[in-house]
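Report on the structure
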Amino acid sequence: MEKDFIKSNLIHVNEEIAKACESAHRNREEVTLIAVSKTKPVEYLKKAYEFGCRDFGENKVQEMNLKIPQMPDDIRWHMIGHLQTNKVKDVVGKAYLIHGVDSFKLASEISKQSVKKNVVSKILIEVNVAEEESKFGLSYDEVLNLVLEISKLPNIEIHGLMTIAPNVDNPYDNKQYFEDLHKLFVDISEQNIDNVYMEYLSMGMTNDYCVAIEEGATYVRVGTGIFGERDYQTNSL
Ligand SMILES: *Cc1c(COP(=O)(O)O)cnc(C)c1O
């Protein structure tokens, strides 16, 4: 299957990332592109792999687990969707990083399953930066308490923060949210909490990743910008 648009999209996205890093006086190495491949067939993922992607994002446990054995094993799989506790056992030991943790209940289950499998799971805490009703995630003032509680659990480590910013026409409308989340990230980092490593700030999607990079993102999650629009009608698996 010829999927040349994936190559040209990746070249474009990588150029944009480089430009945003330059204008923010950041090293290009500080930012990792996660290719968000949800709903897309494995042929697409293989193309992206061929052109250098090693980080892939999926939001459904079952879909991720179908794709993993069909892809090379040096890939870092990012679980970016909202996890239900009954699915945790199928993610632990497989995902490199679980992005959307926003409750003690979910963290406890990740901890429990990680102990069982004798692995350490890395997670990010999800923050609902604009406090949108429709979204998961904590409000700013809930974050520190949850971080402190989770930090005491075994076999789970907090490695940073994640957000899904509002869907806006002008990406600069999200600038303040990204800036605020970066501030919170630095604040928590300065508390030097045991078991908490503020190294990853996962923010920015196709529409706003350049602004997110200018405000300190270390992971940008780009789906449409690499693989094209998603079609939720047909099951492409
Ligand atoms: C789908 C998704 C993305 C990618 O969105 P695009 O707008 O297609 O880049 C990023 N993050 C999360 C959490 C997602 O669910």
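The coordinates are above.
Reading guide: rules and limits
- Residues numbered from 1 in each chain as written.
- Predicted model: local features only at pLDDT ≥ 70, side-chain atom pairs only at ≥ 80, totals over all residues.
- Heavy atoms only, no water.
- Salt bridge = Lys/Arg side-chain N within 4 Å of Asp/Glu carboxyl O.
- Buried < 20%, exposed > 50% of the residue type's maximum accessible area, 1.4 Å probe, protein only.
- Core = buried A, V, L, I, M, F, W, Y, C linked by side-chain atoms within 4.5 Å.
- Contact = heavy atoms within 4.5 Å.
- Helix = DSSP H or I, 4+ residues; strand = E, 2+ residues; numbered from the N terminus.
- Expected span 1.5 Å × (residues − 1).
- Arc of directions from axis to C-beta.
- Near = heavy atom within 4 Å.
- Polar contact = N/O pair within 3.5 Å; in protein donor to acceptor, adjacent residues only side chain to side chain.
- Areas by Shrake-Rupley, 256 points an atom, 1.4 Å probe, with all protein chains shown as cover.
- 1 Å grid on protein atoms, 1.4 Å probe; cavity = no way out; pocket = protein on both sides within 12 Å on 5 of 7 lines; lining within 4 Å.
- Sits in = over half its atoms within 2 Å of the grid points.
- Points joined across faces, edges and corners; volume = space filled by probe spheres on them.
- Nonpolar A, V, L, I, M, F, W, Y, C, P; charged D, E, K, R; others polar.
- Pairing = 2+ DSSP bridges.
- Right-handed = clockwise from strand over helix to strand, strands pointing away.
- Axes fitted to C-alpha atoms, helices over the stretch in contact; angles between N-to-C directions.
- Parallel < 35°, antiparallel > 145°, perpendicular 65-115°, else oblique.
- Left-handed = near helix turned anticlockwise from the far one by under 90°.

Once that is clear, we can look at the pattern of salt bridges. A full pass over the atoms with the stated rule returns 11 salt bridges. Taking the shortest distance from any N to any O, the salt bridge between Glu58 and Lys67 comes out at 2.8 Å. Of the two residues, Glu58 and Lys67, both sit in the buried class. Taking the shortest distance from any N to any O, the salt bridge between Lys112 and Glu109 comes out at 3.8 Å.

This paragraph deals with the nonpolar core. Judged by nonpolar contacts, the single largest core of 65 residues is most densely connected at Phe56, Ile125, Ile150 and Leu161. Look past the residues within four positions of Ile125 in its chain and what remains in contact with it is His99, Val101, Leu138, Val143, Leu146, Val147, Ile150, Ile158, Gly160, Leu161 and Met162. Membership of the second largest hydrophobic core comes to eight residues, among which are Val36, Ile80, Leu97 and Tyr200.

A word on helix α6 (residues 175-190). Given a rise of 1.5 Å per residue, 16 residues ought to cover 22 Å, and the 23 Å separating the end C-alpha atoms of α6 matches this to within 8%. The complete set of buried residues in α6 reads Phe178, Leu181, Leu184, Phe185 and Ile188. One side of α6 carries all its buried residues, which in axial view fall inside an arc of 120 degrees. A positive backbone phi angle near 45 degrees is found at Asn192, which sits one or two residues after α6.

Before going further, it helps to spend a moment on the site of the ligand. Within the structure, the ligand sits among Val36, Lys38, Ile80, Met162, Ile164, Met205, Thr206, Arg221, Val222, Gly223, Thr224 and Arg230. Between an oxygen atom of the ligand and a side-chain N or O atom of Thr206, the distance comes to 2.4 Å. One of the side-chain N or O atoms of Arg230 is found 2.8 Å from an oxygen atom in the ligand. When isolated, the ligand has an accessible area of 390 Å², and the protein chains bury 89% of it. Counting atoms within 2 Å of the grid points, the majority share of the ligand lands in the largest pocket.

Approximately 870 Å³ is the volume found for the largest pocket. Residue composition of the lining of the largest pocket, by class: 12 nonpolar, 13 polar and nine charged.

This part is about the pairing of strand β4 (residues 97-101). Counting buried residues in β4 gives five out of five residues, a clear majority hidden from the surface. The pairing of strand β3 (residues 76-79) with β4 spans two bridges and is parallel. Looking at the pairing, Met79 lines up with Ile98 of β4. Here β4 pairs with strand β5 (residues 121-126) via two bridges, running parallel. Note that in β5 the partner of Ile98 across the bridge is Ile123. Tracing the backbone out of β4, into helix α4 (residues 104-117) and back to the parallel element β5 gives a crossover that is right-handed.

Take the packing of helix α5 (residues 140-150) against α6 next. Here α5 crosses α6 at 30 degrees, and the two axes come no closer than 11 Å. The angle between α5 and α6 falls in the class roughly parallel. As for the relative orientation of α5 and α6, their crossing is right-handed in sense. Here α5 contributes Tyr140, Val143, Leu144 and Val147 to the contact with α6, which in turn contributes Tyr177, Asp180, Leu181, Leu184 and Ile188. Among the residues making up the contact of α5 with α6, the classes are represented as eight nonpolar, no polar and one charged.

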